[in-house]
Amino acid sequence: MTWVLANIEQIWSLTLDHILLSVPPILVGFLLAVPIGWLAHRYRVSRGVLLTVCGLLYTIPSLALIVAMPTLLGTKILNPANLIVTLTIYAIALMVRTATDAFDAVSKDVTQSATAVGFGGWRRFWQVELPLAGPVLLAGLRVVSTSTVSLVTLGALVGMSGLGYLFTNGYQRNFATEILTGIVGTVLIAIVFDVVLVILGRMLLPWARVDTAARRNAKTATTKAVTA
Amino acid sequence: MITFDSVSKRFPDGTLAVDDFNLTLPSRTTTVLVGSSGSGKTTLLRMINRMVDPTAGSIRIDDDDISTLEPVKLRRSIGYVMQNSGLLPHRTVADNIATVPLLSGVKRPAARTQALELMDTVGLDRSLAERYPSQLSGGQQQRVGVARGLAVNPNILLMDEPFGAVDPLVRSELQQELVRIQKDLAKTIVFVTHDIDEAFLLGDQVVLLKTGGKIAQVGTPADILANPADDFVNTFVGADRGRRALRIEQVSGRQVVVDGTGRIAGILNDGTPT
Amino acid sequence: MITFDSVSKRFPDGTLAVDDFNLTLPSRTTTVLVGSSGSGKTTLLRMINRMVDPTAGSIRIDDDDISTLEPVKLRRSIGYVMQNSGLLPHRTVADNIATVPLLSGVKRPAARTQALELMDTVGLDRSLAERYPSQLSGGQQQRVGVARGLAVNPNILLMDEPFGAVDPLVRSELQQELVRIQKDLAKTIVFVTHDIDEAFLLGDQVVLLKTGGKIAQVGTPADILANPADDFVNTFVGADRGRRALRIEQVSGRQVVVDGTGRIAGILNDGTPT
Amino acid sequence: LTGCGAGGDPLEPGSEPSGDGETIIVGSAGFAESEIIAQIFAQALEANDVTVEFAGQIGQRDVYITALEDGSIDLIPDYSGNLLQFFDEDSDAKSSEEVFAALPDALPDGFEVLDQAEAEDKDSYNVTQEFSESNGVTSLADLANLDVPLIVGGNPELAERPYGPQGLTEVYGVDAANIQFVPISDSGGPLTTAALLDGTVNIADIFSTTPSIKENNFVTLEDPENMILPQNVLPLINSEKASDTVKEVLNAVSAELTTEDLIELNGRNQGDEKASPEALAADWLAEKDLF
Amino acid sequence: MNAIAEAVAWIGDPAHWTGPDGIPTRLAEHLGYTGLTVLIAVLLAVTLGLYIGHTGRFRGISIGATGALRALPTLGLLTYLAIAFGFGIRLALIPTIIVLVVLAIPPLLAGAYSGVESVDPRTVDAARSMGMTEWQILWKVEIPLALPLIIGGIRSAVLQVVATATVAAYISLGGLGRYIIDALPVRDYTKVLVGALLVTLLALALEGILILIQRLTVPAGVRATRSA
Ligand SMILES: Nc1ncnc2c1ncn2[C@@H]1O[C@H](COP(=O)(O)OP(=O)(O)OP(=O)(O)O)[C@@H](O)[C@H]1O
Ligand SMILES: Nc1ncnc2c1ncn2[C@@H]1O[C@H](COP(=O)(O)OP(=O)(O)OP(=O)(O)O)[C@@H](O)[C@H]1O
Ligand SMILES: [Mg+2]
Ligand SMILES: [Mg+2]
């Protein structure tokens, strides 16, 4: 504890770096996965291909991918983009399946009836399909957020600042407290992100809390994403 | 008036859902399409608002061939009510009812006022306006569905088994409500069901369909009961199983009407048959 | 004979589902419990095979207080048929029917032979024996459910809205089948439904329930129709909405029976009331 | 200066400019001592109004050289012998002076080293007192005659180094079949020490300034053939960034830095105090009354 | 592409197929860690999952716990266990397996309890009312019907464990991660790629086997439902 207090400034700065490295993959991964998921939902042909590719991406060991990034992207080796792009790829791999399920889970009755009362295609997407996919998308996003925050620690192995530094550094110094601090910090960030997402969800999807079907779908989606 | 003129529909997978269908649905009356599962009822109904386009033949509303009308606009001018209500789960009751007016550019306060009035029309308490569909009972949801269908004050109202999923007591209430509303508003209603009792209760004109949208018989309920066209109709209306073959028995000093299956249908009000 | 003696059931969450219920269900007859949703019908039924234990009072089968019987053994001796059949989706039709005999140690070939016989009894073609439930229609699934309920040759058969989920045509067929089977086998059947028509068709004794398992009226169908105990019963059987208030009209030269809501109920067979 | 182990990056918070001139990105290798020295460099430069960014614990030499080449960092503390060997495997420079003299030619264009410090920290092979006594081993030269299997512990990359297992074979004639290598990714840190103490390995590559050598009475094996080159600490810098001010400051640092300093700093970092590299650097600068 | 060709050539080199650092040895080690982990994790998590699914007890807690487990950074946990409990590198297998088990638990647990929960409650109710004992319900109804999801959980656990078992190398164990961890400090991309390729291939092979098992074990009636 004394060590934590003595080094609080450094821990805080590592925490900030950790957050800055976590947010882009989560956001970008989500934003890219939604349209991809929609394509997979909409067109049978693309579905198999897209889902298989995403499954494959997930089996590549993360460390290898991070190390390969400078060659693939032509970036400098200390560029945080290497880590961010890698984690974005994992986020997409994880999220696309959920996004597909999210659009699949929108009741056909509802989309049909939306068409029947005169929603045009584009409007129907924004005002009906997307919001109704919301609860499942959120469930997937929460899983992605947790796993991304945890994966950012791997950056320490390639010189990226973040709470993972406390692991490598503590390991070299045989200093368990330091490592434990890093673990607790990482879990805390994950929890804070999760709480933020839940609150966002409540604000944006007020109906989802009372809708049992939506809650059930979200629950299934979480399970599926965890076992993906 | 809606006119089907040699209309056929073959789905891309080859199913011939409707085969050379001809019918006129008079204005301001209720036409019920009744038939068992897969007979093409929904397909016929959905051709009227161009959710499905016929592969042959034409459909006219009054004198416009609907294939010349823009689908989205057409749909906004026709009320549509379906089983499981098809309400938007993420919008409140009032917003659901106001969906189409809002889409067509009616201002929010005006649309809202109208939505509340429609809630009265369909017998929904206004206090439910801010609820979400999932917070309503099945029967209430269907009422919202009907209100939404009426929101653009359409001449035509399409109803696809709107009461198919609610329990018998509520169902009977909703049927009565529809009879009442129709008495006031006199829309051109096209109603789909596979319940012959419902068809007989609601239909001014009942259309009995066989597979492929083939018409087995068209007529008023009494016509059909009194002069069933063939065995298919007989079976369908239950005459051959005795459900329609009633007789009168004396129980506890009252005249009880019993059907051919032994079930008691009711009490005879008027002692002497006219 | 099944006797309910001051039976109450309060669920852990505080709901008083059944409040001081007293009734005798005679052997070898069908007693129908009818009432709207939440009136406690299922709870009453499930107390008979100890799926639910009463919080007060006692239930006797013939002269045994069932609370002294081992639940698993008791259940194996009572047939149970429920809505949506509750079949095991991973077992074939024959295996589903033979479930309980197999559990009780009957050898496979014997159980199988018996299962095939039961398929005859309930009117299922033997060729369906190797199918899985998902490969059957809803009506066929319910028949399998009934066959399974009969498999241990129980004295008592509990049926909880067994035909609630099938469409009206099939439903009516299944009802007739049950009437036929009961004529042959004469079990003590306890049948739950919320469809008053079904209750009147099947019940030797009909029990009309209000919320909390309160008995509104007990009697034969004709008793209830002829002398409804109160307004609740009147409403429930449809007398106040006019569904049971029949009158006779002349259409196309035939006598048509019309109910108070204007719906045509059927054709009168016998011109003169007896 | 906030970051510690931060990549030089657009996301790096709190690297506000101070003074004029260009920014120098100071990097460190992936072990604590390098980070402490790098902190000393960085703080010394900052005290002289040079704008500094910090990128700590990048990785091993192969990685940070790449980082220097692609401009991710501009300056890093390095060790003379290994640096020379990295760029010129065949060099026959042996003494500290020879090595330092050979460096400018060996380094690729665009990079230079500034003055080297007296402070030295090199790989060293260590055995326990007991092993030394019972096998009569005090020098690497004794290993060839040993019939005990040699289990060498060290960072994974030692396997690829000329002074690694293959060096033992080539320079000291140890039978390659008699050497087993156990990679331990803690840069000769506490786990390596523990492995040596509990017998998981019997020879461990530990940096010579590591306090645990003294604490555990390990016997550092002599290296009569100078297989392991002298390893004086020196700044390796991108020539473009080597302004006069920068040179002056870093040379002043090197003039003061001793091997004893390194041992002490490492001790405070790894021992009970667990002082951070940042704090240690500040203490050292204050103690030496620099800037 | 060139890099991949080099990696393939590396793999093809017979010299890399013998000795303690040869592909067969590393592969066997990797499979060993994976097998041991999955065995332990299945015993723990599937049992617990079946219990939770059957009784409905501790459901909330276990969902929370799976979330928290997912947030635990593998690298941190690994180094912490290695140091804090003095396993050192001598007993490195213990922390490694613990970490991998922690990783494998969420998908296994989620697969098992959601599998049991996915069984139609009316089916379970019917089974009970026919006179099945609780054990009979579990073995004859719930487990067979939950099998697709249980095996789904195993599949995903195996996949994640195979991909992550590379970290074992970080605390001096073997496995395919050795290629990656050894090559990382010296930026030997070919070898890193070799490690990644072998891991991915192994993952795919195991995935294929498990899909096959899934096919063979899923009750025919359940398959019929799905295709229907
Ligand atoms: N989009 C489609 N593609 C292919 N075949 C279709 C499609 N929609 C309906 N069909 C087929 O067309 C036939 C008529 O279907 P339709 O939905 O109109 O029947 P229905 O009378 O409404 O039946 P139900 O009472 O079950 O609603 C059926 O055989 C159905 O399978
Ligand atoms: N396990 C339970 N826990 C708490 N309340 C229950 C439980 N089961 C039933 N109830 C409540 O007990 C009351 C009677 O339920 P029951 O299922 O017996 O009614 P029912 O007459 O069968 O209704 P339905 O026609 O809808 O099947 C209802 O208010 C119901 O919500
Ligand atoms: Mg239809
Ligand atoms: Mg019930």
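Since the model is a prediction, treat every value here as computed from it, not as a measurement.

Caption draft 1: The overall build of chain E, seen in detail. In terms of regular secondary structure, chain E is built from ten helices and zero strands. C-alpha atoms of chain E, sized along the principal axes, occupy 65 × 45 × 25 Å. Relative to its 228 residues, chain E shows a buried fraction of 60%. A sequence separation of at least 24 residues applies to 73% of the contacts in chain E between residues at least 6 apart. As presented, chain E carries roughly 8,900 Å² of accessible surface, and 72% of it is formed by carbon and sulfur atoms. Counting 15 positive and 12 negative side-chain charges, chain E places the centres of these two groups 6 Å from one another.

Caption draft 2: Broad picture of the site of ligand 2. Residue and element names in this part refer to chain C. Ser-37, Gly-38, Lys-41, Thr-42 and Thr-43 are the nearest of the 14 residues found near ligand 2. Here an oxygen atom of ligand 2 and a backbone polar atom of Gly-38 are 2.8 Å apart. At 3.4 Å from an oxygen atom of ligand 2 is found a side-chain nitrogen or oxygen belonging to Glu-161. In isolation ligand 2 has 630 Å² of accessible area, and contact with the protein removes 63% of it.

Caption draft 3: Quick peek at the interface of chain C and chain B. Contact with chain C, which involves 43 residues of that partner, is made by 43 residues of chain B. Carbon and sulfur atoms supply 63% of the area buried between chain C and chain B, which totals about 3,800 Å² over both sides. The interface formed by chain C and chain B includes two residue pairs in polar contact (both at pLDDT 80 or more). When residues of the side of chain C that touches chain B are traced back to their parent elements, those giving at least two are helix H7 (168-185), helix H8 (196-202), helix H9 (221-226), strand S11 (245-251), strand S12 (254-259) and strand S13 (264-268) of chain C. The element best represented in the side of chain C that touches chain B is S11(C), accounting for seven residues. Its residues assigned to classes, the side of chain C that touches chain B comprises 19 nonpolar, 13 polar and eleven charged. Where strand S11 (residues 245-251) of chain B meets S13(C), two bridges bridge the pair, whose relative direction is parallel. Along S13(C), the bridge assignment pairs B:Ala245 with C:Ile267.

Caption draft 4: Just a nonpolar patch on the surface, in detail. Residues and elements named next belong to chain A. A surface patch of nonpolar side chains, amounting to about 990 Å² of accessible area, comprises Leu-180, Val-184, Leu-188, Ile-191, Val-192, Val-195, Val-196, Ile-199, Leu-200, Met-203 and Leu-204. Within the secondary structure, Ile-191 is located in helix H9 (residues 176-204). Here Ile-191 falls in the partly exposed class, since its relative accessible area comes to 46%.

Caption draft 5: Main features of unusual backbone geometry. Positive phi, close to 55 degrees, is recorded for B:Arg28, a residue that is not glycine. Residue position: B:Arg28 is located in the loop between strand S2 (16-25) and strand S3 (30-35). Its identity is not glycine, yet D:Gln57 carries a phi of approximately 45 degrees, on the positive side. With respect to the helices, strands and loops of the structure, D:Gln57 is situated in the loop between strand S2 (51-55) and helix H2 (61-69). Residue classification places D:Gln57 among the buried positions, given a relative accessible area of 5%.

Caption draft 6: Examining the nonpolar core more closely. The biggest cluster of nonpolar side chains holds 158 residues, and the ones touching the most others in it are A:Leu137, E:Leu108 and E:Tyr170. Broken down by element, the residue count for this core peaks at 14 residues, all from helix H5 (residues 93-118) of chain E. Residues contacting E:Tyr170, with those up to four places away along its chain left out, are A:Leu157, A:Thr168, A:Tyr171, D:Ser185, E:Leu75, E:Leu78, E:Thr79 and E:Ile181. Counting 59 residues, the second-largest nonpolar core is a separate cluster that includes A:Ile77, A:Leu78, D:Tyr79 and D:Leu290.

Caption draft 7: Inspection of the pattern of salt bridges at higher detail. Residue and element names in this part refer to chain B. By the definition in use, this model includes 47 salt bridges over all chains. The closest approach of N and O atoms between Arg-126 and Asp-120, which form a salt bridge, is 2.8 Å. The class for Asp-120 is partly exposed, based on a relative accessible area of 41%. Here Arg-143 makes a salt bridge to Glu-177, at a shortest N to O gap of 3.1 Å. Taken together, the residues span a long stretch of sequence, with Arg-143 in helix H6 (residues 138-150) and Glu-177 in helix H7 (residues 168-185) at a distance of 34 residues. Glu-177 gets classed as buried once you look at its relative accessible area, which sits at 18%. Within this structure, Arg-143, Glu-173, Glu-177 and Arg-180 form a network of salt bridges that share partners.

Caption draft 8: Representation of the interface of chain A and chain E in the model. Every contact between the two is made by 38 residues of chain A and, on the other side, 40 residues of chain E. Of the roughly 3,300 Å² buried where chain A meets chain E, counting both sides, 75% is carbon and sulfur surface. Interface area lost by chain A to chain E is led by A:Thr59, A:Val67 and A:Tyr171, which between them contribute 19%. Here chain A and chain E share one salt bridge between them. A salt bridge links E:Glu117 to A:Lys219; its shortest N-O distance comes to 3.7 Å. Elements with a contribution of two residues or more to the side of chain A that touches chain E: helix H4 (62-73), helix H7 (121-151), helix H8 (164-172), H9 and helix H10 (212-226) of chain A.

Caption draft 9: Broad picture of the UniProt feature "domain: ABC transmembrane type-1" (unreviewed entry) in chain E. Residues given the UniProt feature "domain: ABC transmembrane type-1" (unreviewed entry) here are residues 27-210 of chain E. When the span residues 27-210 of chain E is considered, its composition is 80% helix and 0% strand, and the gap between its end C-alpha atoms is 18 Å.

Caption draft 10: Fine view of the packing of aromatic side chains. Enumeration according to the criterion identifies 21 aromatic pairs over all chains in this entry. Aromatic pair E:Tyr51 and E:Phe58: ring centres 6.3 Å apart, planes at 25 degrees, arrangement stacked. Take E:Tyr51: its relative accessible area is 35%, and that puts it in the partly exposed class. Ring centres of E:Tyr80 and E:Phe85 lie 6.3 Å apart, and the angle between their planes is 90 degrees; on these two criteria the pair is classed as edge-to-face. Among the residues examined, E:Phe85 registers a relative accessible area of 52% and is labelled exposed. Ring-pair connections join several aromatic residues into one group, and the members of that group are A:Trp38, A:Tyr43, A:Phe103, A:Trp122, A:Phe125 and A:Trp126.

Caption draft 11: Here's a closer look at the sheet that holds strand S5 (residues 64-65) of chain B. All names here are of chain B. Across the sheet, four strands lie side by side as S2-S1-S4-S5; this open sheet has antiparallel pairing. Strands with a single pairing partner mark the edges of an open sheet, and in this sheet they are S2 and S5. Relative to strand S4 (residues 56-61), strand S1 (residues 2-10) is paired through five bridges, and the arrangement is antiparallel. Note that in S4 the partner of Thr-3 across the bridge is Arg-60. Where helix H1 (residues 41-48) meets the sheet, its contacts fall on S1, S2 and S4, and the angle it forms with S1 comes to roughly 120 degrees.

Caption draft 12: Summary view of the sheet that holds strand S6 (residues 150-154) of chain D. Residues and elements named next belong to chain D. The strand order S7-S6-S8-S5-S9 describes an open sheet built from five strands, whose pairing is mixed. Looking at which strands have only one partner, the edges of the open sheet turn out to be strand S7 (179-183) and strand S9 (219-220). Pairing geometry for S6 and S7, over five bridges, is parallel. By the bridge assignment for S7, Leu-150 is matched with Ile-179. Sheet strands touched by helix H6 (residues 165-172): strand S5 (123-127), S6 and S7. Its angle to S7, the strand with the most contacts, is close to 150 degrees.

Caption draft 13: Broad picture of the environment of B:Val7. All names here are of chain B. Here Val-7 is to be found in strand S1. Exposure remark for Val-7: the relative accessible area of 0% places this residue in the buried category. Sequence separation between Val-7 and Phe-21 is 14 residues, and the spatial gap between their C-alpha atoms is 4.8 Å.

Caption draft 14: Quick peek at the packing of H4(A) against helix H5 (residues 80-105) of chain A. Residue and element names in this part refer to chain A. Relative to each other, H4 and H5 sit at 120 degrees, their axes nearing to 9 Å. With respect to their mutual orientation, H4 and H5 come out oblique. Viewed along their axes, H4 and H5 form a crossing whose handedness is right-handed. Along the contact surface, H4 presents Ser-62, Leu-65, Ile-66, Met-69, Pro-70 and Leu-73, while H5 presents Ala-81, Asn-82, Leu-83, Val-85, Thr-86, Ile-89 and Tyr-90. In the contact of H4 with H5, the residues fall into ten nonpolar, three polar and no charged.

Caption draft 15: How the structure looks around the arrangement of the chains. By number of contacts, the leading pair among the six pairs of chains in contact is chains B and C. There is a clear gap between chain B and chain D: no contact, and 38 Å between their nearest C-alpha atoms. Nothing in chain C touches chain D, and the closest approach of their C-alpha atoms is 52 Å.

Caption draft 16: Broad picture of the side chain of A:Thr153. By secondary structure assignment, the location of A:Thr153 is in the loop between H7 and H8. A:Thr153 gets classed as buried once you look at its relative accessible area, which sits at 1%. Setting aside residues no more than four positions away along its own chain, A:Thr153 makes contact with A:His18, A:Gly164, A:Phe167, A:Thr186, E:Pro73 and E:Leu75.

Rules and cut-offs
Residues numbered from 1 in each chain as written. Chains lettered and ligands numbered in written order. Predicted model: local features only at pLDDT ≥ 70, side-chain atom pairs only at ≥ 80, totals over all residues. Heavy atoms only, no water. Helix = DSSP H or I, 4+ residues; strand = E, 2+ residues; numbered from the N terminus. Buried < 20%, exposed > 50% of the residue type's maximum accessible area, 1.4 Å probe, protein only. Contact = heavy atoms within 4.5 Å. Areas by Shrake-Rupley, 256 points an atom, 1.4 Å probe, with all protein chains shown as cover. Lys, Arg positive; Asp, Glu negative; His and termini not counted. Charge placed at Lys NZ, Arg CZ, Asp CG, Glu CD. Near = heavy atom within 4 Å. Polar contact = N/O pair within 3.5 Å; in protein donor to acceptor, adjacent residues only side chain to side chain. Buried area = accessible area lost by both parts, 1.4 Å probe. Nonpolar A, V, L, I, M, F, W, Y, C, P; charged D, E, K, R; others polar. Pairing = 2+ DSSP bridges. Patch = residues over 30% accessible without salt bridge, like charges linked within 9 Å, V, L, I, M, F, W, Y side chains within 5 Å. Salt bridge = Lys/Arg side-chain N within 4 Å of Asp/Glu carboxyl O. Core = buried A, V, L, I, M, F, W, Y, C linked by side-chain atoms within 4.5 Å. UniProt positions renumbered as here; feature names shortened; annotations may be inferred. Phe/Tyr/Trp six-rings, centres within 6.5 Å; stacked < 30°, edge-to-face > 60°. Axes fitted to C-alpha atoms, helices over the stretch in contact; angles between N-to-C directions. Parallel < 35°, antiparallel > 145°, perpendicular 65-115°, else oblique. Left-handed = near helix turned anticlockwise from the far one by under 90°.

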